[in-house]
Amino acid sequence: MKIAIFGVGLIGGSLALCFKGKPDVTVVGYSNRASSAEKYVNRGVVDSATTSVREAAVDADFIFLCVPVGKLEEYVDELSQLPLKPGCIVTDVGSTKASVALCGRRLESQPGVSFIGGHPMAGSERSGVEAASTHLFENAFYVLTPDASTPQGQLDKLIELLALTKAHIVSVDAKSHDEIVGAISHLPHMIAVALVNQIRGYNEQDQLYASLAAGGFRDITRIASGDPVIWRDILVNNKSVLLKLLKDWNAEIATFADLLEREDGEGIEEAFRTAGEFRSKMPERRKGMLHSIYDCYVDVPDHPGIIGKIASDLGKERINLSNIHIIESREDVPGILRLSFRTQEDLDQAQLVLADAGFAVHQ
Ligand SMILES: NC(=O)c1ccc[n+]([C@@H]2O[C@H](COP(=O)([O-])OP(=O)(O)OC[C@H]3O[C@@H](n4cnc5c(N)ncnc54)[C@H](O)[C@@H]3O)[C@@H](O)[C@H]2O)c1
Ligand SMILES: O=C(O)C(=O)C[C@]1(C(=O)O)C=C[C@@H](O)C=C1
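Residues numbered from 1 in each chain as written. Chains lettered and ligands numbered in written order. Predicted model: local features only at pLDDT ≥ 70, side-chain atom pairs only at ≥ 80, totals over all residues.

1. A word on the overall build of the chain
Consideration 1: Each helix and strand counted, the chain has 14 helices and 12 strands in total.
Consideration 2: In terms of principal-axis extent, the alpha carbons of the chain reach across some 65 × 60 × 40 Å.
Consideration 3: Evaluated residue by residue, the chain yields a buried proportion of 31% over its 363 residues.
Consideration 4: Of all intrachain contacts in the chain linking residues separated by at least 6 positions in sequence, the fraction that spans at least 24 positions is 72%. (Helix = DSSP H or I, 4+ residues; strand = E, 2+ residues; numbered from the N terminus. Buried ≥ 20, exposed ≤ 12 C-beta atoms within 10 Å, placed from the backbone. Contact = placed C-beta atoms within 7 Å.)

2. Describing the site of ligand 1
Consideration 1: Looking at ligand 1, there are 28 residues lining it, with Gly7, Gly9, Ser95, Gly123 and Ser127 nearest.
Consideration 2: Tallying contributions element by element places helix α1 (residues 10-19) first for the shell around ligand 1, with three residues.
Consideration 3: The residues that make up the shell around ligand 1 include at least three from each of domain 1 (2-172) and domain 2 (177-281). (Near = placed C-beta within 6 Å. Domains from an automatic or database assignment.)

3. So, the environment of Val241
Consideration 1: The topology assignment puts Val241 in helix α11 (residues 239-261).
Consideration 2: Separated by 80 residues in sequence, Val241 and Leu321 have C-alpha atoms that sit 41 Å apart.
Consideration 3: Residues in contact with Val241, not counting those within four places in the same chain, are Asp178, Glu179 and Gly182.

4. Some remarks on the confidence of the model for the chain
Consideration 1: Overall, the predicted model of the chain reaches an average pLDDT of 93, with 95% of residues at or above 70.
Consideration 2: Note that pLDDT drops below 50 for residues 286-292; the model gives that stretch 22 contacts with residues more than four away or on any other chain. (pLDDT = per-residue confidence, 0-100.)

5. Focus: the sheet that holds strand β4 (residues 62-65)
Consideration 1: If you trace the eight strands from one edge of the open sheet to the other, you get β3-β2-β1-β4-β5-β6-β7-β8, paired in mixed fashion. Only two strands of the sheet have a single neighbouring strand rather than two, namely β3 (48-50) and β8 (168-171). Here the average twist between neighbouring strands, direction ignored, is 25 degrees.
Consideration 2: Inspection of the sheet shows strand β1 (residues 2-6) paired to strand β2 (residues 26-30) by five bridges, in the parallel sense. Within the sheet, the bridge partner assigned to Ala4 lies in β2 and is Val28.
Consideration 3: Across the sheet, helix α2 (residues 34-42) lies against β2 and β3, angled at about 175 degrees from β3, the strand it touches most. (Pairing = 2+ DSSP bridges. Axes fitted to C-alpha atoms, helices over the stretch in contact; angles between N-to-C directions.)

In structure tokens, the structure reads:
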């Protein structure tokens, strides 16, 4: 089976890593730049790479378009000029789905060829093949946007392949996808960028702004570091949905200003209460590259070697730790470590081992 990946960056590279090395699978990367194609191979992310669309595509069983949203149509058009392999499934990973669902239909004039839009709901603010990870999609949702004309057999084939990502596959219609993802992903990115730029302006007058910015600012603004070209394309593509969402956002913020203006303490409390309740009921962020659903928290005294001790206590019991994150570490103040595991069994065992070693462990 040949899988061609167009654009081997964060998402394309992570998919390639999920597929490469599986029995009878060959993964070919395509780049429009020879130096990038060479890099994909040197990093061992793909089996081979080419700068020829034709060479990558004509005998492929699956083609994943993992380029910026603004380039999708161009590649769909180029592929529609080629004789693709009958039965070939072309899919994409773009963060918007309505426009590509429309242009993808152009591919279906070829016998047996299907276009099925896709969007893994996992990622990060990092970009490029250097940021790719085999585990990026684990337990994340992976949205597919088949429509009435999509042959069930072709959809099943794609779902079977995507099982290698360990993501949960869901089907959603393209228009609803853009509305929902606009609200839970694109709007937050705009807000984060606007907030950082607001503070950047103040900081030009007084650099204490950046110095004092702590966890709260970092948590709400991590995504402001997303790739500018990737996000330019997403926002422009989903313009009509986003303009409506920004209107609602302005109304939401105006309500806050009004509460403050009237010193309506009860109203402010209520706003935090309802937000906190809703947030705590949201499904725990599925495990991706940065977060695990199998997490526990350990209070740690601030003295040298403590992280090493935790890692070696777990290592001795052959418990696989997938991530350690220091949540708080200040001089003379106990810190908190978040430990992530890949399985519930590892988490359960780790909690026992660490409790036996005298650590305060909680979930
Ligand atoms: N970043 C995320 O969190 C995330 C999550 C899900 C989906 N997506 C979507 O995935 C796609 C890729 O995003 P990414 O985050 O992997 O970005 P990225 O920058 O890491 O990867 C994009 C890749 O496409 C290549 N590329 C750019 N222009 C090209 C062109 N004209 N021809 C061929 N290759 C080209 C780049 O060299 C790079 O390898 C986008 O459509 C994005 O909307 C992103
Ligand atoms: O976690 C992040 O940094 C992301 O930006 C991932 C994220 C998101 O907003 O959740 C971003 C874009 C996608 O298309 C899907 C997921």
